[in-house]
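# Results of the structural survey
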Amino acid sequence: AVLVNADFVIVGNLLGAGALGFYMLAFNISNWVPGLVGTAVRYVALPSFSRLAEHDSDALELGVRRSVPILVSAVLPVAVIMATLAPQMINVLYGEKWGPSGVVLRFLAALMVVRMLTAFAIDILASVGSTKATTWLNAGWAVALLPALWIGTHLDGIRGAAIAHSIVAVLVALPLSVLAVRLAGVSLLPALPKLIRPLIAAIVSAAVILLVQRIVGNSAVVQLVVAGGAGMLAYVLLVTTRNQARQLRTRVTRVRSTTGG
């Protein structure tokens, strides 16, 4: 409750209802993916990890190592589009009067990724019965977050609050999650090499979006569709391995043969 509502209380107290409205709109948009995708992942991850933990700890660790790169690969392109085209998203969805929310959403994209990963870590901890670790994880995150939000909001308004939230998430919450999972007997280090490809793809995707954005003009809709689509395409092409592409072609061929297409 503290982690979810602390920024609302601080922003509203220091900046007033108008600024809080802009901030809450951006925060709610950044919560769409964790709310929809995260809930679906939790329905599958928690019982699956619990079943693996009951039978074989090595199987659990292997399952976690395979799942983390998939989760990161799925969330990163959405975060890239939010970070690069946040003003355009706000303009298209809610209109120009909500423009100040765009700069907030740009920074909350990083928080979105961390929230997905920390929720995944909490599912792992719950599956092995390490429920106390989840309490310490959230408590450590909250202790670092409260003063950071206060300082950030004082220095730079709603943008400062978003920056503070994201910095604490990346530098505090994420390392605490990795540490808690490691203390529970699951090492994530072997999964790190598999994260290099999606991270590189995300960087290239962001560069493509910014480049195409300059070319297509000032229309928010065109920038969102064309630049965002180009960035997404670049990401998919780079993150997909040859084996995955070969498997996809095989499945498409089988579907066509069974349907007579």
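Throughout, a residue's number is its position along its own chain's written sequence, starting from 1. For this predicted model, a pLDDT threshold of at least 70 governs which residues receive local features, and a threshold of 80 or more governs which side-chain atom pairs are given and counted, while totals over whole chains, interfaces and linings are taken from all residues. As a rule here, side-chain values come from all non-hydrogen atoms in the structure, and water together with hydrogens is ignored.

### Looking at the packing of helix H2 (residues 17–30) against helix H5 (residues 100–127)
Under this scheme, a helix contributes an axis fitted over its contacting stretch, all axes are lines through C-alpha atoms, and angles between N-to-C directions fall in the 0 to 180 degree range. Going along the chain from the N terminus, every DSSP run of H or I of four or more residues is numbered as a helix, and every run of E of two or more is numbered as a strand. For the pair H2 and H5, interaxial distance at closest approach is 8 Å and the crossing angle is 35°. Helix-helix and strand crossings are classified by hand; for H2 and H5 the assignment is right-handed. Each of Phe22, Tyr23, Leu25, Ala26, Phe27, Ile29 and Ser30 in H2 lies in contact with H5, whose residues at this interface are Pro100, Ser101, Val104, Leu105, Leu108, Leu111, Met112 and Arg115. Of the residues in the contact of H2 with H5, the class split is 12 nonpolar, 2 polar and 1 charged. Crossing handedness is read from the near helix: turned anticlockwise from the far helix by less than a right angle, it gives a left-handed crossing, and turned clockwise, a right-handed one. Residues are treated as being in contact if the distance between any of their heavy atoms lies within 4.5 Å. Polar here means any residue other than Ala, Val, Leu, Ile, Met, Phe, Trp, Tyr, Cys and Pro, which are nonpolar, and Asp, Glu, Lys and Arg, which are charged; Gly is therefore polar.

### Brief notes about the pattern of salt bridges
Each reported salt bridge corresponds to a side-chain nitrogen of Lys or Arg within 4 Å of a carboxyl oxygen of Asp or Glu. Applying the stated criterion across every chain, the model contains 1 salt bridge. A salt bridge links aspartate 156 to arginine 159, with the nearest nitrogen and oxygen atoms 2.6 Å apart. One end of the pair is aspartate 156 and the other is arginine 159, both in helix H6 (residues 131–183) and 3 residues apart, which spans about a single turn. Buried means the residue's accessible area, taken with a 1.4 Å probe over protein chains only, is under 20% of the maximum for its type, while exposed means over 50%, and partly exposed covers the values in between. Aspartate 156 gets classed as partly exposed once you look at its relative accessible area, which sits at 32%.

### Structural notes on the side chain of threonine 84
With respect to the helices and strands, the residue threonine 84 is situated in helix H4 (residues 57–94). Residue threonine 84 is classed as buried on the basis of its relative accessible area, which comes to 10%. The definition of a polar contact used here is a pair of N or O atoms within 3.5 Å, where within protein one atom must be able to donate a hydrogen and the other to accept one, and adjacent residues in sequence count solely through side-chain atom pairs. Here the side chain of threonine 84 touches valine 80 through a polar contact of 2.7 Å, landing on its backbone oxygen. Once residues lying within four places of it in the same chain are set aside, the contact partners of threonine 84 are Arg106, Ala206, Ile209, Leu210 and Gln213.

### Quick notes on the nonpolar core
Nonpolar cores were defined as sets of buried Ala, Val, Leu, Ile, Met, Phe, Trp, Tyr and Cys residues, with membership established by side-chain atoms within 4.5 Å. In this structure, Tyr23, Leu105, Leu108 and Trp141 are the most contacted members of the largest nonpolar core, which totals 66 residues. Within the residue set of this core, elements represented by two or more residues are helix H1 (2–15), H2, H4, H5, H6, helix H7 (196–216) and helix H8 (220–239). With near-sequence residues (within four places) excluded, tryptophan 141 lies in contact with Leu3, Leu111, Arg115, Thr118, Val168, Ala169, Val172, Ala173 and Leu176.

### Observations regarding the environment of leucine 137
Mapping leucine 137 onto the fold places it in helix H6. The exposure class of leucine 137 is buried, given its relative accessible area of 3%. Separated by 36 residues in the primary sequence, leucine 137 and alanine 173 have C-alpha atoms spaced 7.2 Å apart. Leucine 137 has contacts with Ile122, Ala173, Leu176 and Ser177, leaving out every residue within four places of it along the chain.

### Focus on a nonpolar patch on the surface
To count toward a patch, a residue needs a relative accessible area above 30% and no salt bridge. Like charges then connect within 9 Å, nonpolar side chains (Val, Leu, Ile, Met, Phe, Trp, Tyr) within 5 Å. All accessibility values rest on the Shrake-Rupley procedure with a 1.4 Å probe; residue burial counts only the protein chains present in the view. Together, Trp32, Val92, Leu93, Tyr94, Val221, Val222, Val225 and Val226 make up a nonpolar patch on the protein surface, roughly 660 Å² of accessible area in all. Secondary structure elements with two or more residues in the nonpolar patch: H4 and H8. Ranked by the residues each element gives to the nonpolar patch, the list is headed by H8, at 4 residues. In this structure, valine 92 sits in helix H4.

Function cannot be read off these values alone, since they describe shape.
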